[in-house]
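Structural description and commentary
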Amino acid sequence: QVQLVESGGGLVQAGDSLRLSCAASGRRPSSYAMGWFRQAPGKEREFVAAIMWRGITYYADFVKGRFTISRVLNTGYLQMNSLNADDTGVYYCAAAVRGFLTERESRETTEYDYWGRGTQVTVSS
């Protein structure tokens, strides 16, 4: 069992930066793949970025060059720069027991076994 707790969300202006954190606890969370997803009001949850246990990273096209995913031991991070109003939503951290996912698999919510409760990010334009 793994518990995930996100933090770092908030209200910012367009062009600002935020760093989200995902603290993982439980059984060997450092060996899991970790992903970030987001959900805007009235929309489906969508993939943002993922990092495998050996450090391979994947990104959604709309965040390439702006967001960076990383991890240190049991904590994952999502550094978000040049934020815009379209980035508004609840950001969720997820963990996959398998440890390695292909890029296609990393984009699917069904590939993840554990989820945090989310942290709100609001970007005003």
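If you're wondering where the values come from, they're calculated on a predicted model, not measured in any experiment. (Residues numbered from 1 in each chain as written. Predicted model: local features only at pLDDT ≥ 70, side-chain atom pairs only at ≥ 80, totals over all residues. Heavy atoms only, no water.)

1. Quick word on the sheet that holds strand 3 (residues 18-26)
On the basis of which strands lie adjacent, the open sheet formed by four strands has the order 1-3-8-7 and antiparallel pairing. Two strands bound the open sheet, and with one partner strand each, they are strand 1 (2-7) and strand 7 (67-72). With strand direction ignored, the average angle separating the axes of adjacent strands in the sheet is 15°. Judged from the six bridges that link them, strand 7 and strand 8 (residues 75-80) form a sheet pairing that is antiparallel. Bridge assignment links S70 to a residue of strand 8, and that residue is Y77. (Pairing = 2+ DSSP bridges. Helix = DSSP H or I, 4+ residues; strand = E, 2+ residues; numbered from the N terminus. Axes fitted to C-alpha atoms, helices over the stretch in contact; angles between N-to-C directions.)

2. Brief notes about unusual backbone geometry
Phi is positive for L73, which is not a glycine, with a value near 55°. Counting through the fold element by element, L73 comes out in the loop between strand 7 and strand 8.

3. Examining the environment of R117
Along the chain, R117 turns up in the loop between strand 10 (114-115) and strand 11 (119-124). Remark: the alpha-carbon pair of R117 and S7, spanning 110 residues in sequence, is separated by 9.9 Å. With near-sequence residues (within four places) excluded, R117 lies in contact with L4, E6 and Y92. (Contact = heavy atoms within 4.5 Å.)

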